[in-house]
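# Chains, contacts and geometry: an overview
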Amino acid sequence: MSLMVLREQLNVLVNSMFLEGLLDAQFRQLQMLQDASNPGFVAEVITLFCEDSERMLTELTKLLDQAVVDYQKVDAYVHQLKGSSSSVGAQSVKLSCIQFKQFCEENNKEGCLSELNMVKHQYYSLRSKFETMLQLEQRIQAYDSEQQN
């Protein structure tokens, strides 16, 4: 497959993520920070975001499984996830976290559980597309390396 085709596939994927509301303008800012001296910058940030998100979602699930929920702890994790999502431009996850925080403030366990499921759904949809994006970027970088040798 040619380099041009791979780049086109990547562009189509990223554009679809914007159209679906998965990403916002902050992601473009992140992409602009990547250059020839640090070609893996976006991949590194996405990988860290995914690792942190997985950890936070696991903790949120444990906290909400308790008979007595510590809503302050839940709120702290949701706040952290919202911040991480915002910094990488993960718009759909960020918006779900805003609603989740509202349920935390109301000490509404059913609302929190429902919104946790929504956040997980938004996150896993985004993660799946991020994985495809990273695979395409790896193929592009490998192709670029071959061309330089």
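Since we're looking at a predicted model, the values are computed, not measured.

## Thoughts on the nonpolar core
Counting residues in each nonpolar core, the largest one holds 42 residues, and the members touching the most others are Phe-27, Val-74, Phe-100, Leu-126, Phe-130 and Met-133. Residue assignment for this core shows that the elements contributing at least two residues are helix 1 (3-19), helix 2 (25-32), helix 3 (41-65), helix 4 (71-88), helix 5 (91-105) and helix 6 (109-148). Contact partners of Leu-126, with chain neighbours within four places excluded, come to Met-17, Leu-22, Leu-23, Phe-49, Ala-90 and Val-93.

## Things to note about the packing of helix 3 against helix 4
In contact at an axis separation of 10 Å, helix 3 and helix 4 are set at 160 degrees when each is read in the N-to-C sense. Relative to helix 4, helix 3 is oriented roughly antiparallel. Here the hand of the crossing between helix 3 and helix 4 comes out left-handed. Taking contact as the criterion, the partners of Val-45, Phe-49, Ser-53, Arg-55, Met-56, Leu-57, Glu-59, Leu-60, Leu-63 and Leu-64 in helix 3 are, on helix 4, Lys-73, Val-74, Tyr-77, Val-78, Gln-80, Leu-81, Ser-84, Ser-85 and Val-88. A per-class count over the contact of helix 3 with helix 4 returns twelve nonpolar, four polar and three charged.

Conventions and cut-offs
- Residues numbered from 1 in each chain as written.
- Predicted model: local features only at pLDDT ≥ 70, side-chain atom pairs only at ≥ 80, totals over all residues.
- Heavy atoms only, no water.
- Core = buried A, V, L, I, M, F, W, Y, C linked by side-chain atoms within 4.5 Å.
- Buried < 20%, exposed > 50% of the residue type's maximum accessible area, 1.4 Å probe, protein only.
- Helix = DSSP H or I, 4+ residues; strand = E, 2+ residues; numbered from the N terminus.
- Contact = heavy atoms within 4.5 Å.
- Axes fitted to C-alpha atoms, helices over the stretch in contact; angles between N-to-C directions.
- Parallel < 35°, antiparallel > 145°, perpendicular 65-115°, else oblique.
- Left-handed = near helix turned anticlockwise from the far one by under 90°.
- Nonpolar A, V, L, I, M, F, W, Y, C, P; charged D, E, K, R; others polar.

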